[in-house]
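Commentary on secondary and tertiary structure
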Amino acid sequence: MRPDIGPRIAMPPHERALAVALAGGADDEVRHRALAGVTDAEAVRRTAEREEVLPLLAYWVERLGLFDIGAWRPLRHQLLVAMAVARAEADWRRHCVSHVLDALRSAGIDAVPIKGIWLAERYYPAPWCRLMGDADLVVAGEPRTILDALAAQGIGPKNDDPAILDHACSEGDEITVYAPWPGATAVDLHFRLYPDMPLAVAAEIIARATTDVCLGVEILAPSPADHLLVVAHHLVLGTKNPPWRWWLDVDLAARAVTDWDTVIYRSSAWGNPAILLVALAGAHQRFDTPIADSTWDALAAALTPGERPVVATAFAHGAWQADRDALLVSQWRERHVGWRSHSFARLLWPHPGFVARRLKVHSTTPHFWFRRLSFAAGRFARAAVAVLWSKR
């Protein structure tokens, strides 16, 4: 069982050139051939900008000496500006995150960088090559104790919404903190991971992490297998239409894995082989990520009946067309390893702090309860459609 490469073949020439140039396994000769042969560099640039990989494209154009060659010459200034902006943003982000990491270390709190910040620091050719917003850390400890320790160093949430703070501390989900400077990068502290994963996943990630240095601070580095599963989950269920940047993250994380037996075992234990299959399929269809037939088959064998049609669609037509709502419903109905509540009332009427954080509104503002009702109605409608789709 392997994904159909038809979606890759069907890409327009400028998209294919971009995908080849950015793929994690390409050598400089392959990248040079792909980019030097471009006739419409502006189309490549626009795609890279839309898919949030423009700094990485600019990096390779410069490194390969293409700024003064052919179709790339007119874009030299634009790409240099993109690189300068990305460098400045990355320098500020790294300064802010380093401050939070150092505060956690000083307080004796274990922290494991995951997703964007770890990808940027370890998987991309330079940290500024990966655009990102907030940074994510898995932390160990009681939320209020951690927040108190950070507050002593001027680090804390910007949002004073009592519902959000209560949700983070009572349900131990996550909370966003900031270094004590205007415009500081948001740092999400995860006390536990995604609700369809087991409650113990965060502790497992920390237990298997190894001592390393990131941003000049001693930290715990996630194992490649754990990190791939987290990155895949973030890609598939994080947003409806993820940009190429997130698919490239999976490509790079997958290429760093050497023990696929561990990945297969852990994906089943964490209840997300379907999510991993969709993520790997998209990375393979977009960036030719090398995955052994035995890995595809082993993961496919672990699927539930409700997950199979979703994965089949992803394999046949492009993983970016997978129905994430149907996948969520299948996991909710057929897998019971996560800490997500199986109460319909709880699912449709979650903690007000959760709603406030998701909608980015204050729970004390007028009309919040109307927004909460609308949120619940939207959840119900999406779930109903997904259930009907799964029964076709």
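First, a word on scope: everything that follows refers to the structure included in this document.

Procedures and definitions
Residues numbered from 1 in each chain as written. Predicted model: local features only at pLDDT ≥ 70, side-chain atom pairs only at ≥ 80, totals over all residues. Heavy atoms only, no water. Salt bridge = Lys/Arg side-chain N within 4 Å of Asp/Glu carboxyl O. Helix = DSSP H or I, 4+ residues; strand = E, 2+ residues; numbered from the N terminus. Buried < 20%, exposed > 50% of the residue type's maximum accessible area, 1.4 Å probe, protein only. Arc of directions from axis to C-beta. Contact = heavy atoms within 4.5 Å. Pairing = 2+ DSSP bridges. Axes fitted to C-alpha atoms, helices over the stretch in contact; angles between N-to-C directions. Lys, Arg positive; Asp, Glu negative; His and termini not counted.

Using the criterion set out here, one finds 21 salt bridges in the structure. When the shortest N-O distance is used, the salt bridge between Arg208 and Glu204 registers 3.1 Å. Of this pair, Arg208 and Glu204 both sit in helix α10 (residues 201-208), four residues apart, which is roughly one turn of that helix. Judged by its relative accessible area of 26%, Glu204 is partly exposed. A salt bridge links Arg208 to Asp226; its shortest N-O distance comes to 3.0 Å.

For helix α15 (residues 293-301), every residue scored as buried is listed here: Thr295, Trp296, Leu299 and Ala300. On an axial view of α15, the arc spanned by its buried residues comes to 125 degrees, and they lie on one face. Residues of α15 that are exposed and point more than 90 degrees away from the buried face comprise Ser294 and Ala301. If you follow the buried residues of α15, they end up packed against α13 (260-269), α14 (273-287) and α16 (307-317).

A separate point is the sheet that holds strand β2 (residues 135-139). Backbone hydrogen bonds are what pair the strands of a sheet, in a parallel or an antiparallel way. Spatial strand order, β1-β2-β4-β3: four strands in an open sheet with mixed pairing. Unpaired on one side and paired on the other, β1 (111-114) and β3 (174-178) mark the two borders of the sheet. Along the sheet, successive strands turn relative to each other by an average axial angle of 30 degrees, direction set aside. Here β2 runs beside strand β4 (residues 186-190); their pairing, made up of four bridges, is parallel. Considered in β4, the bridge of Val138 is made with His190. Strand contacts of helix α7 (residues 115-122): β1, β2 and β4, with the helix running at about 75 degrees to β1, the strand carrying the most contacts.

A separate point is helix α5 (residues 54-63). Among the ten residues in α5, eight count as buried, and that is most of the element. Those residues of α5 not exposed but buried are Leu54, Pro55, Leu56, Leu57, Ala58, Tyr59, Trp60 and Val61. Taken together, the buried residues of α5 touch α2 (13-22), α3 (28-36), α4 (41-50), α6 (76-106) and α12 (244-255). Positive backbone phi, approximately 70 degrees, marks Gly65, located one or two places after α5.

On to the pairing of β4. Residues in a regular strand point their side chains to alternate faces of the sheet. Burial of β4 is extensive: five of the five residues sit out of reach of the surface. With burial as the criterion, each face of β4 is covered, one bearing Ala186, Asp188 and His190 and the other bearing Val187 and Leu189. Of the strand pairs in this sheet, β3 and β4 are connected by five bridges, and their pairing is antiparallel. Across the sheet, residue Tyr178 finds its bridge partner in β4, namely Ala186.

Right, let's talk about the pairing of strand β6 (residues 217-221) for a bit. Taking burial as the measure, the five residues of β6 include four buried ones, the bulk of the element. With five bridges connecting them, strand β5 (residues 210-214) and β6 associate as antiparallel partners. Across the sheet, residue Cys214 finds its bridge partner in β6, namely Val217. Where β5 folds back onto β6 in an antiparallel hairpin, the turn is made up of two residues, including Leu215, whose phi is positive at roughly 60 degrees.

With that out of the way, let us pick up the side chain of Arg286. The residue Arg286 is located in helix α14 in this model. One buried charged residue, Arg286, remains without a salt bridge, the closest side chain of opposite sign being Glu15 at 4.4 Å. Once residues within four sequence positions are removed from consideration, Arg286 is found in contact with Met11, Glu15, Ala19, Trp244 and Trp320.

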